[in-house]
Amino acid sequence: MALVLTTAAVPDGERLAYWRDALGAALVPTAVTARHDGPFEGLVSSERLGYLRLATVEADAQRLSRTAAHLTDTGPAVACVAVGVQTAGTATLIQDGRRAFAGEGDLMVYDTGRPYSLDFPGRFTTHVVHLPRRALGLPEEDLRRVTGTAIDGTTGFGALLVNFLTSLTASVPPCAPAVATRLATGVVDLFATLVEERTQDHPTPDGNPGEHLVLRVRDHIDRHLGDPGLSPQTVAAAHHISVRYLHRLFEGEGITVARLIQRRRLERCARELHRPDATAPVSAVAQRWGFANPAHFSRVFRAAYGRSPREWRGARDELLPTG
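Residues numbered from 1 in each chain as written. Predicted model: local features only at pLDDT ≥ 70, side-chain atom pairs only at ≥ 80, totals over all residues. Heavy atoms only, no water.

Examining unusual backbone geometry
Just so we agree on the cut-off: A helix here means a DSSP run of H or I that spans at least four residues, while a strand means a run of E at least two residues long, and both kinds are numbered starting from the N terminus.
Even without being glycine, Asp96 reaches a positive phi, approximately 55 degrees. Along the polypeptide, Asp96 turns up in the loop between β7 (91–95) and β8 (98–102).

Brief notes about the sheet that holds strand β12 (residues 149–151)
Strand pairing in a sheet takes place through backbone hydrogen bonds and is either antiparallel or parallel in direction. Here is the rule we go by: By definition, two strands form a pair when at least two bridges between them are found by DSSP. Each axis is a line fitted through C-alpha atoms, and for a helix only the stretch in contact is used; angles between axes span 0 to 180 degrees, taken between their N-to-C directions. Working rule for contacts: check all heavy atoms of both residues, and any pair within 4.5 Å makes them a contact.
Spatially, β1-β3-β4-β11-β6-β9-β12 is the arrangement adopted by the seven strands of the open sheet, whose pairing is antiparallel. Edge positions in the sheet fall to β1 (3–6) and β12, since each has one partner strand and no second. This sheet shows a mean twist of 20 degrees between the axes of neighbouring strands, independent of strand direction. Where strand β4 (residues 52–59) and strand β11 (residues 124–132) come together, seven bridges link them in antiparallel fashion. Looking across to β11, one finds that Leu54 is bridged to Val129. Seen against the sheet, helix α1 (residues 15–26) touches β1, β3 (42–49) and β4 and runs at an angle of roughly 15 degrees to β3. Sheet contacts for helix α5 (residues 156–170): β3, β4, β6 (80–88), β9 (107–111) and β11; angle to β6, the most-contacted strand, approximately 85 degrees.

Some points on the packing of aromatic side chains
What counts is decided by this rule: Planes of paired rings set the category: under 30 degrees apart is stacked, over 60 is edge-to-face and the rest tilted, where pairs are Phe, Tyr or Trp rings (Trp by its six-membered ring) whose centres lie within 6.5 Å. The buried label applies to any residue whose accessible area, calculated with a 1.4 Å probe on protein chains only, is under 20% of its type's maximum; exposed applies above 50%, and partly exposed to all values in between.
By the definition in use, this model includes eight aromatic pairs. Aromatic side chains Tyr110 and Tyr116 sit 4.6 Å apart centroid to centroid with 45 degrees between the ring planes, which places their arrangement in the tilted category. Relative accessible area serves as the criterion here: at 8%, Tyr116 is assigned to the buried category. One aromatic cluster is present, formed by Phe291, Phe297, Phe301, Tyr305 and Trp312 through successive ring pairs.

Considerations on the pattern of salt bridges
Test applied: Salt-bridge detection follows one rule: a side-chain nitrogen of Lys or Arg within 4 Å of a carboxyl oxygen of Asp or Glu.
Taken as a whole, this structure holds 21 salt bridges when the rule is applied. A salt bridge links Arg133 to Glu140; its shortest N-O distance comes to 2.0 Å. Looking at Arg133, the relative accessible area reads 18%, which means it is buried. Across the pair Asp189 and Arg271 runs a salt bridge whose closest N-O atoms are separated by 3.9 Å. One end of the pair, Asp189, is in helix α6 (residues 177–198); the other, Arg271, is in helix α10 (residues 257–273), with 82 residues separating them in the sequence. If you follow the salt bridges from partner to partner, you end up with Asp96, Asp111, Arg114, Arg133, Glu140 and Arg144 in one network.

As structure tokens, then:
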């Protein structure tokens, strides 16, 4: 059932304080500063979809600030990546020293576990989805490259995500818990794909065969992660180049081919293990994504995520709503 909070019946002098508390209950605690004189108006509705929190905010001009003090006050809450879809009005997002402007139809991405501010200079409407970080199974370095940014919602995966999130937040369908979890997983997978697309850090190649080849190699790796024999040698052979030349291609990528293969496999395993509806044994998940040696998988997984695969799976219960 949706939680709907509105200032409509609140006395004028108490509205801003009420609104601050409403946003804290529906999303996360923040400081609120009105950007105009006179009575303040706002409405926020939120509800759960599986392990996601969805909300729609319609309000007058304001500035929201989530500070270090808010992070201390909230305690060990599940860290989330927030994705906002700006459907009316404009917004400026500031996080980690970045400043990003979002117009109607754009996406904003920010981390609720670090300070940020959102400035809405006029009346606005925005849909917000909180994605638990562990459900994403993405490296911290990739998440930090997309948080504090705005993304064009008219092209590529940005457009797909805008359409999907707008439909979900506008009318969350009544569904069984298993269906809700599958829908939540669909959102997570789509967002993870968007992150992967943006963190490739490759401009469209203009006649550079090396850049074209790197893109092809990355795509090949993603499509063959389940093959335990995937290696720099098989990748090079599939593209009719030497292993030495393959390593030369990746000198500017900040990661070796072998490390890339391992990282992408770990990301797939982490995401699958953390799904509330996943029932396959840890060993089966590891094998599905190309890890033939269970002991090796456990060792590299702990090194990457700070927990064993079983501990990671057990922590997924923290994502589930308690009421």
